[in-house]
Amino acid sequence: MRSIVVIGAGMGGLAAALRLQKAGFQVTVLEKQPRAGGRSNVIEECGYRVDIGPTILVMKSVFDETYRALGYTFDERLNMARLDPNYRVYFHDGDHIDLYGDMPSLADEVERIEPGSAERLFEFIGAGAKKYALGMGFVERNYDHLTDLANPRAGLQLLRTRSYQKLYDQVAGYFQSDKLRKAFSFHSMFLGLSPFDALAMYSLITYADIAHGMWYPQGGIYAIIEDMLALADELGVDVRTNAPVAEILVEAGRATGVRLESGEIVRADLVVSNADLPYTYRHLLPAQERRPSTLDRLQNMDYACSGYLLYLGVKGTFPGMRHQALYFSEDYRANLDAIFHARTIPADPSFHLNNPTISDPTLAPPGHSLLYVLAPMPNLQGDVEWPQAAPQVRETLLNQLEKLVDPHLRENIVWSREYTPVDFARDYNAVHGTAFGSLSHGFFQSSYFRPHNKARDIPGLYFVGQGTYPGIGMPMVLLSARLVTERIVQEWC
Ligand SMILES: Cc1cc2nc3c(=O)[nH]c(=O)nc-3n(C[C@H](O)[C@H](O)[C@H](O)COP(=O)(O)OP(=O)(O)OC[C@H]3O[C@@H](n4cnc5c(N)ncnc54)[C@H](O)[C@@H]3O)c2cc1C
């Protein structure tokens, strides 16, 4: 039986380990942190259980397929509920819109904000459906040659759907209202990209939210990681935590295992790295294997944004809130330019506000709520000093929350934790402290142009997770696990 070491127990690393074990390899996962999950992690303290990373499950069909491939049924193992509305979007003037998956309700909301816009909403969703079909053709495959991109029909569709335009500009063509423009363009932020820079192609995410729904597993997103760990147990994958890898062993030009920081050597026929891909090339390859041209290329790529996160345990419940919400500052562009271009802290940060206790009261002690605030922030390529900046950001966010949620919120906070870009770098070896994933998703960092899931010069070394294709987000890293498994099975079985 051939053996494989997977470096990192993020969702992508775990999914790859499960698939490879199922395919007949003996897999060991080595994770530096005390708890598996990577960016999809959890804090359990004082009766609160908070997902500290992802909170939104979209493209559920990818989760279904992952479980099917392993011989299980996702819905039988996890208690999934569909959220509707998907989000409540709050605006600076106190107004809000509920973004329903239910079409008549969504149309009513859109009409309320911009009378006469419902038909254009349906056109926008229809165009999103075309982009989704087109996009899935690019993400569900491995790439070897540039010619793999050559697909005249897809090229024609790219032109027809004007997917090459900027996302915000295209959305602005459908809606006159500043509020609707914000509400239907923000989704690229979850790939770490400004809608002013992202390709219009990424309105496929808006379409996926609306048409395929947004889901929540009881126990939170970390319940999926826990279930993957249970599956690892059932299938015989060895998952070791507190096991940081110091170096990938390369002998006679091929990967032969890893050396842990403890000095222990774990030999394997193949190595799959789920750690940030640029970090793997720069820090885990032996010095003599680090090619300056590869390191330069990775260094010069665009890195995604980071985030400041505030988790609050609060006395009381807020039945008027929605499970998921977003707050948009008045000057949307200034907020995004600060994050992505000036790399400074925005004066009036937009943020994602999550109250999972609306759907799942077990996440907090009785009569209490859990609030999760994620404000996108510049990554560490800027010069923000987080130890000094964090208290100020926290105050700004609490001021906003007192306007949106409860004027007495501060008095009722009984537990809180925060997480900054510095923490992403320290905990997960996230290059430049990026939050959602390392490399952003411009055209020349997607599909064939994203770093491949196989090291070109080192046989036996592969990659899985957000750093390789298809990219950032839970569904994408699950797809990346499928793609790297297909490649390894094809090459080694
Ligand atoms: C705040 C936040 C909100 C998000 N929201 C969503 C959302 O709502 N929906 C969604 O789909 N996605 C969301 N994402 C993105 C999603 O969580 C990530 O894209 C995805 O989880 C990345 O998984 P991964 O397997 O690629 O790698 P990671 O999660 O980055 O895991 C890599 C693992 O490798 C380990 N590692 C690194 N170096 C070493 C080493 N030397 N030795 C051993 N182990 C090592 C790390 O500790 C880590 O556990 C969010 C992310 C964040 C941070």
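So, a few notes on the structure that sits alongside this text.

Here is what the cut-offs are and how they apply
- Residues numbered from 1 in each chain as written.
- Predicted model: local features only at pLDDT ≥ 70, side-chain atom pairs only at ≥ 80, totals over all residues.
- Heavy atoms only, no water.
- Phe/Tyr/Trp six-rings, centres within 6.5 Å; stacked < 30°, edge-to-face > 60°.
- Buried < 20%, exposed > 50% of the residue type's maximum accessible area, 1.4 Å probe, protein only.
- Lys NZ or Arg CZ within 6 Å of the ring centre and 35° of its normal.
- Pairing = 2+ DSSP bridges.
- Helix = DSSP H or I, 4+ residues; strand = E, 2+ residues; numbered from the N terminus.
- Axes fitted to C-alpha atoms, helices over the stretch in contact; angles between N-to-C directions.
- Contact = heavy atoms within 4.5 Å.
- Core = buried A, V, L, I, M, F, W, Y, C linked by side-chain atoms within 4.5 Å.
- Polar contact = N/O pair within 3.5 Å; in protein donor to acceptor, adjacent residues only side chain to side chain.
- Parallel < 35°, antiparallel > 145°, perpendicular 65-115°, else oblique.
- Nonpolar A, V, L, I, M, F, W, Y, C, P; charged D, E, K, R; others polar.
- Near = heavy atom within 4 Å.
- Areas by Shrake-Rupley, 256 points an atom, 1.4 Å probe, with all protein chains shown as cover.
- Domains from an automatic or database assignment.

**Things to note about the packing of aromatic side chains**
- Counted by the stated rule, this structure contains 27 aromatic pairs.
- Ring geometry for Phe 186 against Phe 190: centres 6.1 Å apart, planes inclined by 85 degrees, an arrangement best described as edge-to-face.
- Ring plane angle 65 degrees and centroid distance 5.1 Å describe the contact between Phe 444 and Phe 449, whose orientation is recorded as edge-to-face.
- The class for Phe 444 is exposed, based on a relative accessible area of 60%.
- Exposure remark for Phe 449: the relative accessible area of 19% places this residue in the buried category.
- Among the aromatic residues, those joined into a cluster by ring pairs are Tyr 87, Tyr 168, Phe 186, Phe 190, Phe 196, Phe 328 and Tyr 332.
- The ring of Trp 215 carries the charged tip of Lys 60 above its face, separated from the ring centre by 5.0 Å.
- The side chain of Arg 141 reaches across the aromatic face of Tyr 143, ending 5.0 Å from its centre.

**Examining the sheet that holds strand β1 (residues 3–7)**
- Spatial strand order, β9-β2-β1-β13-β19: five strands in an open sheet with parallel pairing. The open sheet has two free edges, formed respectively by β9 (238–240) and β19 (461–463), since each of these has just one partner strand. Going from strand to strand, the sheet's axes swing by 20 degrees on average, the running direction of each strand aside.
- The sheet strands contacting helix α17 (residues 474–492) are β1, β13 (270–273) and β19, and the helix crosses β19 at an angle near 155 degrees.

**Observations regarding the nonpolar core**
- Of all hydrophobic cores here, the largest spans 122 residues; its most connected members are Phe 184 and Met 228.
- Beyond its immediate sequence surroundings of up to four residues, Met 228 is in contact with Met 11, Leu 14, Ala 15, Leu 18, Tyr 67 and Leu 478.
- The next biggest cluster of nonpolar side chains, apart from the first, holds 29 residues, and it includes Val 266, Ala 275, Leu 284 and Leu 285.

**Topic: the side chain of Thr 420**
- Relative to the elements of secondary structure, Thr 420 occurs in the loop between β18 (413–419) and α16 (421–428).
- The buried category is assigned to Thr 420, whose relative accessible area is 8%.
- Residues in contact with Thr 420, not counting those within four places in the same chain, are Gly 307, Tyr 308, Trp 386 and Ala 390.

**Some remarks on the environment of Gln 170**
- In this fold, Gln 170 is placed in helix α7 (residues 167–174).
- In this structure the C-alpha to C-alpha distance between Gln 170 and Ser 203, which are 33 residues apart in sequence, comes to 9.2 Å.
- If we ignore the near neighbours within four places in the chain, the residues touching Gln 170 are Lys 131, Thr 161, Arg 162, Gln 165 and Ala 200.
- At a separation of 2.8 Å, a polar atom in the side chain of Gln 170 contacts the side chain of Gln 165.

**A word on the packing of helix α1 (residues 11–22) against helix α2 (residues 60–70)**
- Two elements in contact, α1 and α2, have axes separated by 9 Å at closest approach and are oriented at 30 degrees. Relative to α2, the element α1 is oriented roughly parallel. Where α1 abuts α2, its residues Met 11, Leu 18, Arg 19 and Lys 22 lie against Phe 63, Glu 65, Thr 66, Ala 69 and Leu 70.
- Along the lines of polarity and charge, the residues of the contact of α1 with α2 split into five nonpolar, one polar and three charged.

**Focus: the sheet that holds strand β11 (residues 254–260)**
- The strand order β10-β11-β12 describes an open sheet built from three strands, whose pairing is antiparallel. Two strands bound the open sheet, and with one partner strand each, they are β10 (245–251) and β12 (265–267). The sheet shows a mean angle of 30 degrees between the axes of neighbouring strands, direction not considered.
- With six bridges connecting them, β10 and β11 associate as antiparallel partners. What sits directly across from Glu 251, in β11, is Arg 254.

**Examining the site of the ligand**
- The immediate surroundings of the ligand are formed by 41 residues, with Gly 12, Glu 31, Arg 39, Phe 436 and Gln 466 found nearest.
- The separation between a nitrogen atom of the ligand and a polar main-chain atom of Lys 32 is 3.2 Å.
- Residue Gly 38 places a main-chain N or O atom 3.5 Å away from an oxygen atom belonging to the ligand.
- Taken by itself the ligand offers 1000 Å² of open surface, and the protein chains cover 98% of this.
- Looking at the shell around the ligand, the elements with two or more residues in it are α1, α11 (277–284), α16 and α17.
- Partitioned by chemical class, the residues of the shell around the ligand number 22 nonpolar, 15 polar and four charged.
- Residue contributions to the shell around the ligand reach at least three from each of two domains, namely domain 1 (3–38 + 61–72 + 221–302 + 441–492) and domain 3 (305–428).

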